[in-house]
Amino acid sequence: MAAGNHCKMTEFILAGLTETPELQLPLFLFFLGVYVVTVVGNLSMITLIRLSSHLHTPMYYFLSSLSFIDLCYSTVITPKMLVSFVTEKNIISYPECMTQLYFFLFFIMSECLMLAVMAYDRYVAICKPLLYNVTVSYQVCSWLVVEVCMMGLIGATAHTGCMLRVVFCKDKIVNHYFYDLFPLPELFCSSTYINEVVILCFSIFNFLAPTLTILCSYVSIIASVLQIRSTEGRPKAFSTCSFHILAVTIFYGSAAFVYLQPSNVSSMEQAKVSSVFYTILVPMLNPLIYSLRNEAVKVALNKIIEKRLSCINEDF
């Protein structure tokens, strides 16, 4: 490679989800609607948990944290994606690339760890109910959320720091709708050994460790539930964590499909479609799953609506 080609890239072009002209407007309207639902849903969940005293428990404290994470990392990805549907070239500067990558990694790693924390919370609630208030106290909840953020911060800083030392000297078109890790090696012309080691280490910690925590938690939960003699007790116990299992399956399933398959042209196109699930659809689905399948949330919502209506009636 000639030395002249080793110039520092100042901007990149995001290829987007598809280049088919007929799909641009329908996809723009679809993902705009998804983003609006995501923002409204997650903000509503955070507000509802904050206003309702019945939801001031560890489970809903973690849920409000998850909603905040979903809201943030959807905001990091979706607006720039929408631009690609309405412009000929979706240009993103080098500083914008690194900023988007940093915050995406921070929130996505925090999401992985938060789902593991929520699984542990359900494990203690179902398998060790008498110790729940001690094991998952307010202080413990606060520390767990802080640690999740710290681990996400460390991981994002390490990955972004490694990306800053890489030389880009090939095509400046990023074959994706945002600045993610897996399509970038096509643009590298310097050694990526350190990057690969960092990715491997943090993948084990941020993906494998939470996955094992979630699996162990739910295996223990299922074993405990099967020991319940009451036929009414089993559905009630399963209902407290069934929505969490659904959210975890969608998130980890789509993320695993993207990052745990061989890299080639066809898989890259499939990975872009699959990444839509964990970057855009999961943040929208989480508040819907946790509200529509959760009686406590629906009861709290009804109480707040009734309270607001009664206040309005008194004013008139």
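All residue numbers refer to position in the chain's written sequence, counted from 1. The predicted nature of this model means local features are confined to residues of pLDDT at least 70 and side-chain atom pairs, given and counted, to a pLDDT of 80 or more, with totals for whole chains, interfaces and linings taken over all residues. The basis for every side-chain value is the complete set of heavy atoms in the structure, and neither hydrogens nor water enter the calculation.

What about the overall build of the chain?
Logical step 1: On a plain count of helices and strands, the chain comes out with 9 helices and 3 strands.
Logical step 2: Only DSSP runs of H or I covering at least 4 residues are called helices, and only runs of E covering at least 2 are called strands; the numbering of each starts at the N terminus. Ordered by position in the sequence, the α and β elements of the chain form the string β-α-α-β-α-α-α-β-α-α-α-α.
Logical step 3: Expressed as a percentage of contacts within the chain between residues at least 6 apart in sequence, the contacts between residues at least 24 apart total 78%. What makes two residues a contact is simply this: any of their non-hydrogen atoms within 4.5 Å.

Structural notes on the side chain of Thr279
Logical step 1: Tracing the backbone shows Thr279 in helix α8 (residues 265–292).
Logical step 2: Burial status follows relative accessibility: with a 1.4 Å probe on protein chains alone, a residue under 20% of its type maximum counts as buried, one over 50% as exposed, and anything between as partly exposed. Look at Thr279 and you get buried, because its relative accessible area is 0%.
Logical step 3: Think of a polar contact as two N or O atoms within 3.5 Å of one another; within protein, one of them needs to be a possible hydrogen donor and the other a possible acceptor, and neighboring residues in sequence only count if both atoms come from side chains. A polar side-chain atom of Thr279 sits 2.8 Å from a polar atom in the side chain of Tyr177.
Logical step 4: Of note is the side chain of Thr279, whose polar atom sits 2.6 Å from the backbone oxygen of Ser275.
Logical step 5: For Thr279, the contacting residues outside a window of four places in its chain are Tyr73, Ser74, Ile77, Phe104, Tyr177 and Phe178.

Let's talk about the pattern of salt bridges
Logical step 1: Salt bridges are defined as contacts in which a side-chain nitrogen from Lys or Arg sits within 4 Å of a carboxyl oxygen from Asp or Glu. Going through the model one piece at a time under the given rule, you end up with 1 salt bridge.
Logical step 2: Measuring nitrogen to oxygen at the nearest pair gives 2.9 Å for the salt bridge that ties Arg122 to Asp121. Both residues of the pair, Arg122 and Asp121, belong to the buried class.

Re the environment of Leu246
Logical step 1: Its place among the elements puts Leu246 in helix α7 (residues 233–259).
Logical step 2: Leu246 gets classed as partly exposed once you look at its relative accessible area, which sits at 36%.

Here we look at helix α1 (residues 21–51)
Logical step 1: When the terminal C-alpha atoms of α1 are compared, their 45 Å separation across 31 residues agrees well with the 45 Å that a helix rising 1.5 Å per residue should span.
Logical step 2: The seven residues ending at a residue and the seven starting there each receive a fitted axis; the angle between those axes is the bend at that residue. A bend of about 25° at Leu27 is the largest found in α1.
Logical step 3: Buried within α1 we find Gln24, Leu27, Phe31, Val34, Tyr35, Thr38, Gly41, Asn42, Met45, Leu48 and Ile49. Every helix has an expected span of 1.5 Å times one less than the residues it contains.

Section: the packing of aromatic side chains
Logical step 1: Two rings from Phe, Tyr or Trp (for Trp, the six-membered ring) form a pair when their centres are within 6.5 Å of each other. A pair whose planes differ by under 30 degrees is stacked, one over 60 is edge-to-face, and the rest are tilted. Evaluated as defined, the whole model comprises 15 aromatic pairs.
Logical step 2: Taking the centre distance of 5.3 Å and the plane angle of 50° together, the rings of Phe207 and Tyr252 count as tilted. Here Phe207 is found in helix α6 (residues 193–226), whereas its partner Tyr252 is found in helix α7, with 45 residues between them in sequence.
Logical step 3: Residue classification places Phe207 among the partly exposed residues on the basis of a relative accessible area of 25%.
Logical step 4: In this structure an aromatic cluster arises from ring pairing among Tyr102, Phe103, Phe106 and Phe107.

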